[in-house]
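Each chain is listed here by its residues.
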Amino acid sequence: MTTGFDQYECDCTRTGYYGENCTTPEFFTWLRLTLKPSPNTVHYILTHFKGAWNIVNNVPFLRDAIMRYVLMSRSHLIDSPPTYNSDYTYKSWEAYSNLSYYTRTLPPVGLDCPTPMGVKGKKELPDSKLIVDKFLLRKKFIPDPQGTNVMFTFFAQHFTHQFFKTDHKKGPGFTKAFGHGVDLNHIYGETLERQLKLRLLKDGKLKYQMIDGEMYPPTVKDTQAEMIYPPHVPEHLQFSVGQEVFGLVPGLMMYATIWLREHNRVCDILKQEHPEWDDEQLFQTTRLILIGETIKIVIEDYVQHLSGYHFKLKFDPELLFNQRFQYQNRIAAEFNTLYHWHPLLPDTFQIAGGKNVPVAVQKVAKASIDQSRQMRYQSLNEYRKRFMLKPFKSFEELTGEKEMAAELEELYGDIDAMELYPGLLVEKPRPGAIFGETMVEIGAPFSLKGLMGNAICSPEYWKPSTFGGKVGFEIINTASLQKLICNNVKGCPFTAFHVLNPEPTEATINVSTSKTAMEDINPTLLLKERSAEL
């Protein structure tokens, strides 16, 4: 807090630190930090000793205790209620209550600071295009050592489009999403008007059409719900779903189709259980069930794969019922920026770190840097300190090599002036992992708080009656990616977020050759169109 025009005062209340800048730890803070293993040590333990973890995974009270610790240790790093936004560097009712803003984890760098990063580094930041071309752009495809495939890539993009919806007309600090979490508006539509256009208004179901005996979304002509499609897509193939941009990328429309089928399948189950229910109750209860399925799949399949842990993650809201936990969430601008995982995108549907951004989406990488500067993000090291990580002492420590480190030092001048987004992508990855320490240790708290902070996870909601009884509750508690596919795709094909070959190789997508109307779509062209739109 400023005290006059040239002085400040730091408020150390409940931080565990004291001193002029709140940097001296109190005794118990020092003891806790001394005894606490580093994040990299914890990661090593969780990704090794498979035999020991197999035992832990099969002992319920041990697994529950560890999962509770994982959830609470991560969630406590996220401010709730929110504190800042891109226009307010101090706590205010506007920053708390105005949901059109993304919240901010750290306040913006002051406009009167001597350098863009505060006090460190050069007077001007390097050209963003130069950063992309020199340090981020892919020269050669780098396979992910964890074997991540396009099922994961498109799931990430499909899932996050419900809450990462930047309002570019207002600016990068604003969101168009009414909700700040998992509400499945990408399936049901952001507004009630769009939702009603997509609903069948009978038996709780969404509108659909049958093609070659299989269920697909209705056409735009049938719903009058606006969609964005490339100009070459014929009218009869312009499908209508909750998110207006999903028609631009085949993988997103695939997931939209699967969730449409799942919604209508669950409606049939509930209709059988509750013939007395009207369309509205069937629809609303099915939506709650699908929210539960989504959260379970994200934690136990998606995050599980991303973590590389041998410890088996568990979705069980009851683990937090006796903890100090708030069931609300706000999406942070920094989380939105961090989630620009375009190194995961293949060049030609092949299925990421420094020098691994595909050429097709280089504009997105540049925009991420430009918008971060517009919102005056603090430095990579400031975010590391905020999330209890040791700041990097040099560019070489950041990158793990000498040549790139020397070039970055020449451009930025000081490691404390390294920007957040480029820093996340050039950071040396953990052994055998896709990302470095910072990406995971900052991303995980946002993710788990957002998932477990959902209303359905609260003691008031998490009970069978919320979901139509034991049958609906069972659908959530047994959900998995494989089961989602088996219940909605003929033949129950094997499904996972990783390639079967332990050594990932470049392989092009196998476009279906079945003689149906679906073959009119050109996946490669659609991907290019989507990249251009982004």
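The coordinates are above.
In what follows, the accompanying structure is described.

**Let's talk about a nonpolar patch on the surface**
Consideration 1: Together, F27, F28, W30, L31 and L35 make up a nonpolar patch on the protein surface, roughly 610 Å² of accessible area in all.
Consideration 2: Along the chain, W30 falls in helix α1 (residues 27–35).

**Examining the side chain of S128**
Consideration 1: Considering the arrangement of structural elements, one finds S128 in helix α6 (residues 128–136).
Consideration 2: Not counting chain neighbours up to four residues away, the residues in contact with S128 comprise K366, I369, D370 and R373.

**Side note on the nonpolar core**
Side chains that are nonpolar tend, in soluble globular proteins, to be buried together.
Consideration 1: Counting 126 residues, the largest nonpolar core has L136, I295, Y302, W341 and M418 as its most contacted members.
Consideration 2: Take this core: its biggest share by element is eleven residues, from helix α12 (residues 279–307).

**Considering the packing of aromatic side chains**
Consideration 1: In this structure the tally under the stated criterion is 31 aromatic pairs.
Consideration 2: Between Y88 and Y90 the ring centres are 5.7 Å apart and the planes differ by 85°, which places this aromatic pair in the edge-to-face class.
Consideration 3: Taking relative accessible area as the criterion, Y88 reaches 23% and is therefore assigned partly exposed.
Consideration 4: Judged by centre distance (5.8 Å) and plane angle (70°), the rings of W462 and F467 are edge-to-face. Of the two residues examined, W462 and F467, each falls in the buried class.
Consideration 5: Taking the ring centre of F325 as reference, the NZ or CZ of K449 above it sits at 5.3 Å.

**A closer look at the state of the cysteines**
Consideration 1: Overall, the coordinates contain two disulfides when judged by the stated rule.
Consideration 2: For the chain, numbering the cysteines in disulfides from first to last along the sequence yields the connectivity 1-2, 3-4.

The rules behind the values
Residues numbered from 1 in each chain as written. Predicted model: local features only at pLDDT ≥ 70, side-chain atom pairs only at ≥ 80, totals over all residues. Heavy atoms only, no water. Patch = residues over 30% accessible without salt bridge, like charges linked within 9 Å, V, L, I, M, F, W, Y side chains within 5 Å. Areas by Shrake-Rupley, 256 points an atom, 1.4 Å probe, with all protein chains shown as cover. Salt bridge = Lys/Arg side-chain N within 4 Å of Asp/Glu carboxyl O. Helix = DSSP H or I, 4+ residues; strand = E, 2+ residues; numbered from the N terminus. Contact = heavy atoms within 4.5 Å. Core = buried A, V, L, I, M, F, W, Y, C linked by side-chain atoms within 4.5 Å. Buried < 20%, exposed > 50% of the residue type's maximum accessible area, 1.4 Å probe, protein only. Phe/Tyr/Trp six-rings, centres within 6.5 Å; stacked < 30°, edge-to-face > 60°. Lys NZ or Arg CZ within 6 Å of the ring centre and 35° of its normal. Disulfide = S-S within 2.5 Å.

Purely geometric stuff here, so don't read any function into it on its own.
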